[in-house]
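# Summary of structural features
This is what each chain is made of:
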Amino acid sequence: VQLQASGGGLVQAGDSLRLSCVGSTGAYSFSTYNLAWFRQTPGKEREFVAGIMRSGGSTSYLDSVKGRFTVSRDNAKNTVYLQCMSLKPEDTAVYYCAANSRSYIATRGIHYDYWGQGTQVTVSS
C-alpha cells in the first residue's frame with residue numbers, strides 16, 4: 001500500500017484547509033483499509049487526529065479537533081480527506097495519513113501498517 005498526502009500549506013488562524021491522501025493498494029481494494037490522520041511537531045510523538053472505518057460508517061477524532069475537523073473518504077477515488085476548519089496555531093504540524101486492516105479505529109501509530117509521506121500545515125496567529 002502506498003499513500004500520498006497533499007493539501008498542506010501556510011494559512012492564518014481561522015482559515016480552512018482540506019488535506020487529501022490518495023492510496024495505491026495493489027490487489028486489494030482501498031475499501032479494505034481503515035484510514036487515519038496523524039500529526040507530529042518537532043520533539044513530540046505522532047498524535048492521532050482522526051480516523052475512519054473502511055466503510056466510512058464510523059469515525060473518531062482527537063478531542064481538540066472535534067467540531068472543527070471532518071474525516072471522510074471516497075473509495076471510488078481511493079482517497080481519504082481531512083477537512084480542517086477554524087484552524088489554530090496549535091494545529092501546526094506535519095500531517096500524515098495511515099492505513100491498516102484492523103476491525104476498529106486504532107489511535108496509536110504503532111497499530112498502523114502503512115504511512116504516507118506527510119504534508120506540512122502551518123497556522124499563523
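Above this text sits the structure in question.
About the cut-offs
Residues numbered from 1 in each chain as written. Predicted model: local features only at pLDDT ≥ 70, side-chain atom pairs only at ≥ 80, totals over all residues. Heavy atoms only, no water. Helix = DSSP H or I, 4+ residues; strand = E, 2+ residues; numbered from the N terminus. Rg over C-alpha atoms; globule rule 2.2 N^0.38 Å. Buried < 20%, exposed > 50% of the residue type's maximum accessible area, 1.4 Å probe, protein only. Areas by Shrake-Rupley, 256 points an atom, 1.4 Å probe, with all protein chains shown as cover. Lys, Arg positive; Asp, Glu negative; His and termini not counted. Charge placed at Lys NZ, Arg CZ, Asp CG, Glu CD. Pairing = 2+ DSSP bridges. Axes fitted to C-alpha atoms, helices over the stretch in contact; angles between N-to-C directions. Disulfide = S-S within 2.5 Å. Polar contact = N/O pair within 3.5 Å; in protein donor to acceptor, adjacent residues only side chain to side chain. Contact = heavy atoms within 4.5 Å.

This part covers the overall build of the protein chain. Across its full length, the protein chain carries zero helices and eleven strands. In terms of overall dimensions, the protein chain is globule-like: its C-alpha atoms have a radius of gyration of 13 Å, near the 14 Å expected for 125 residues. For the protein chain, buried positions account for 42% of its 125 residues. When the accessible surface of the protein chain is split by element, carbon and sulfur atoms take 47% of a total near 6,300 Å². When the 12 basic and 8 acidic side-chain charges of the protein chain are each reduced to a single mean position, those positions are 5 Å apart.

Time to look at the pairing of strand β7 (residues 69–74). Of the two faces of β7, the one lined by Phe69, Val71 and Arg73 is fully buried and the one lined by Thr70, Ser72 and Asp74 carries no buried residue. Across six bridges, β7 lies against strand β8 (residues 79–84) in antiparallel orientation. From the neighbouring strand, Thr70 faces β8, where its bridge partner is Gln83. The turn joining β7 and β8, which pair antiparallel and follow one another in sequence, is formed by four residues; a positive phi near 55° is taken by Asn78.

On to the sheet that holds β8. Taken in spatial order, the four strands of this open sheet run β1-β3-β8-β7, and their pairing is antiparallel. A strand with exactly one partner marks an edge of an open sheet, and here the two such strands are β1 (2–6) and β7. Within this sheet the neighbouring strands show an average axis-to-axis angle of 15°, counted without direction. Bridge count between strand β3 (residues 17–24) and β8: six bridges; the pairing is antiparallel. Bridge assignment links Leu19 to a residue of β8, and that residue is Leu82.

Once that is clear, we can look at the state of the cysteines. In total, this model carries one disulfide according to the counting rule given. No disulfide involves Cys84; its sulfur sits 13 Å from that of Cys97, the nearest cysteine. On the accessibility criterion, Cys84 (3% relative accessible area) is buried.

Locating Asn100 in the fold gives a position in strand β9 (residues 93–100). A distance of 3.3 Å separates a polar atom in the side chain of Asn100 from the backbone nitrogen of Arg102. If sequence neighbours within four positions are ignored, Asn100 has contacts with Thr32, Tyr33, Asn34, Ala106, His111, Tyr112 and Asp113.

With that out of the way, let us pick up the side chain of Thr25. Take Thr25: it is sitting in the loop between β3 and β4 (34–40). A relative accessible area of 10% means that Thr25 is categorised as buried. Side-chain polar atoms of Thr25 contact the backbone oxygen of Tyr28, separated by 2.5 Å. Sequence-distant contacts of Thr25, that is, excluding residues within four places in its chain, are made with Val1, Phe30, Tyr33 and Asn78.

Attention now moves to the environment of Gly109. Residue placement: Gly109 occurs in the loop between β9 and β10 (114–115). Here the alpha-carbon distance between Gly109 and Phe48, two residues 61 residues apart in the chain, equals 7.3 Å. Excluding its chain neighbours within four sequence positions, the residues that come into contact with Gly109 are Phe38 and Trp115.

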